[in-house]
Amino acid sequence: RLRVERALRQDIYVNAFPLNTAGAPLDEHDPAANMVYRANVHGSERNPFAPFTSELDWKLAEWVKKHNIGSNALTELLSIEGVVDSLGLSYQNSRELNAIIDKDIPASRPRFECREVTLEDEGVTVELYLRDIMQCICALYGDPKFAPHLIFKPEQHFLDEAHTDRVWHDIHTGDWWWMMQMVLENRSPGATILPIILSSDKTEIALFRGKSAYPLYMTLGNIPKDIRRKPSQKGYVLLGYLPTSNLEEINIKAKRRRIAANIFHLCLDEILAPTKIPASEGEVMASGDGICRRNHPIVAAYACDYLDQVVVTGVLYGDCPICDTPHNHLGDPDYPMELRNLEHIQHILNIADEVPRQYLQACREARIKPIYQPFWADLPGADIFLSITPDTLHQLYQGILKHLLAWIKSAYSQAEIDARCQRLPPNHHIRSFLKGITSLTKLTGQEHADIARILLGLIIDLPLPNNLSPVRLVKSARALLDFIYLAQYPIHNSATLDAMEQAMERFDENKSIFVDLNIQNNWNIPKLHIVSRHYRLLIERLGTTDNFNTQFFERLHIEVAKDAADATNWKDEFPQMTLWLERNEKIARHADFIQWRQAGCPPLSTINPLPLPLPPLKMTKHPSLKAVAISHLEQEYHATEFKNTLRHFVARYNNPNASSATIRRIARDIPLPITHLPVYHRAKFWRSDFPHF
């Protein structure tokens, strides 16, 4: 609540969950996480840096692991005569440092293990690197820096006291948590839901070696999104590396795709299986402050791109993973839409072993792939089709904006578009594309966002071929850009969701211009269908889009995939990568513990505090230019009449009650002994009297 009030700068009215037993703590109480950690570090009572001998000893070890210093480089440095003795180090080479980390620093997160997963009917065996998911959940839930901020039960937030204007932001303000909490409370009061948010995305770890990794990430919806989204907060955990085998030994492509899909689901089932009993019956866990609750870990969301959505849900490529609209009707806004029926699909899956021919026919009719035992088939409380989340990166920027750019490049002269890019004057927060935008390839999400800022200005008065009026095209572009920006609001209410839907309606009204130009005749685009037909439902169900932006998870690739791979010798990488990650996680947890010890072991409520609200005016600490001549201000910055304006300000400041005529007379006689002034090129400010969104 406090987070939203600070963001909106107004009061929020809360409709609390009606049953007091929801999220209630148990009578039992465990020791606080930091105290348990302290007891497990030998010598920590006397030395806050233990198992290291001094602050310098610890700081060097932290620096080595944080900056991925190679083992050979560190050993060579420490072998220089006098370095170890001068610094008072407890290790003389990288092997000894790793031994200290492995043996003497407690592990806050579970170790990785390698399992062989076999698809028995096909005789295919792959290696899966995974962690115990329940231990991972306990590690996230029990992290002391999250303890003051954890959310234990759902709420409904409103902008008015009459509770008519509802607000959505974090996942606990959505309908899913409220509905699931009611189900569990009616069955067994006293439940605390742990909404599991999963994400997977294959990534290259070596561009020229042809090697890739397939990380599977997890975070909890109990952690507020402003903490979850910051990689520095470590509000996520790597569950494992999924197999990346291309199955080249299988020559038939259709069979290869089918086996790859079954392997994916078999691996996910292996990872998620330990959550099935706790999801329905609950498991007692302690948060970082030692307070115990009966927790139910339930898969609430799966954030991924469209290719992974197809694999995760098992739908046919080109179809919507959320509703049963046929592919050839995805572009029809008036086509009757029904959400995919999980119970019906589970019934189909149950006959796979009984009547294979009937099973295959039922799968074709339901337009799902005949996957044998999908991982979500028996996950308590999970509806995989409604767990697919809105995605700013792949659906908005690399989805509908990418399509819009292609249409615009086909409609207008690309040379003129590039020329207009080059003529754009420089401005704050505007990227200059000095070579234009039409020749750019493999654009990132940030580059798409930069183009979106200038796109409307590039086409606003460009003529179309055959003297066609450009009005509909401009309206279509503006409608899609409006939708992209509205969909990214960190806080939504009914009015903003209405505005988002109205923007897509304006696009539907004007998109015929692309048909008239013979650019786009087929609107059966899955990403366009998802954003236009399902975004409101998903936001009301699971919270705003910034809860699940895959751009955050792709940012994690740098550490858990690319940096980890760079620390290996590129021979049998995954055992080395997992060991590197375990050591880095230990160092990060130990750094938090040492910081807590150095602060005097304060109560958890004082660590990792909420960020303060922005002041009305925020300036940089130092000016952009320390001394700029006043004459230069008037010439280069076009601050005409600067001297007279400054005299007028001084006169008004010293004589606040004087009349305007008196101020003008006083100002004429004020001397200006200064010739140079500091200049700030950037300032952030907000006005409390701006119209309400």
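Everything below is about the structure shown above.
Colleague: Describe in detail the packing of aromatic side chains, supporting the description with residues and values.
Modeller: Counted under the stated rule, the structure contains 23 aromatic pairs. Geometrically, the ring pair formed by Tyr214 and Phe264 is tilted, given 6.1 Å between the ring centres and 35° between the ring planes. Taken together, the positions of Tyr214 in the loop between strand E8 (211-213) and strand E9 (215-220) and Phe264 in helix H10 (residues 253-272) put the pair 50 residues apart, joining distant regions of the chain. Classification of Tyr214 by relative accessible area gives buried; the value is 8%. Judged by relative accessible area, Phe264 falls into the buried class, the value being 7%. Seen from their ring centres, Phe507 and Trp523 are 5.8 Å apart, and the 85° between their planes marks the pair as edge-to-face. In this pair, Phe507 sits in helix H20 (residues 494-510) while Trp523 sits in the loop between helix H21 (512-516) and helix H22 (526-533), placing the two residues 16 residues apart along the sequence. We classify Trp523 as buried; its relative accessible area is 11%.

Colleague: Talk me through the sheet that holds strand E2 (residues 113-119); I want residue IDs and the actual numbers.
Modeller: Strand order in the open sheet made by the 7 strands is E2-E3-E10-E9-E6-E12-E11, with mixed pairing throughout. A single partner strand is all that each edge strand has here, and the edge strands are E2 and strand E11 (283-286). Strand after strand, the sheet turns through a mean of 35° between neighbouring axes, direction not considered. Its contacts with the sheet place helix H8 (residues 175-187) against strand E6 (191-200) and strand E12 (292-303), and it is angled at close to 135° to E6.

Colleague: Help me get a handle on the sheet that holds strand E4 (residues 155-158), residues and values and all.
Modeller: Here we have 4 strands laid out as an open sheet, ordered E1-E4-E5-E13, and antiparallel in their pairing. What marks the edges here is a single partner per strand, and that holds for strand E1 (13-16) and strand E13 (492-493). Sheet topology places E1 next to E4; 4 bridges connect them, and they run antiparallel. In the sheet register, Ala16 faces E4, and the bridge partner there is Glu155.

Colleague: Please set out the state of the cysteines residue by residue, giving values where relevant.
Modeller: Two cysteines, two sulfur atoms, one covalent bond between them: this is a disulfide. The tally for this structure, following the rule as stated, stands at 0 disulfides. Unpaired in this structure, Cys292 has its nearest cysteine sulfur neighbour in Cys138, at a distance of 10 Å. Under the relative-accessibility criterion, Cys292 is labelled buried at 1%.

Reading guide: rules and limits
Residues numbered from 1 in each chain as written. Predicted model: local features only at pLDDT ≥ 70, side-chain atom pairs only at ≥ 80, totals over all residues. Heavy atoms only, no water. Phe/Tyr/Trp six-rings, centres within 6.5 Å; stacked < 30°, edge-to-face > 60°. Helix = DSSP H or I, 4+ residues; strand = E, 2+ residues; numbered from the N terminus. Buried < 20%, exposed > 50% of the residue type's maximum accessible area, 1.4 Å probe, protein only. Pairing = 2+ DSSP bridges. Axes fitted to C-alpha atoms, helices over the stretch in contact; angles between N-to-C directions. Contact = heavy atoms within 4.5 Å. Disulfide = S-S within 2.5 Å.

Fair warning: the whole summary comes from geometry, so function is off the table for now.
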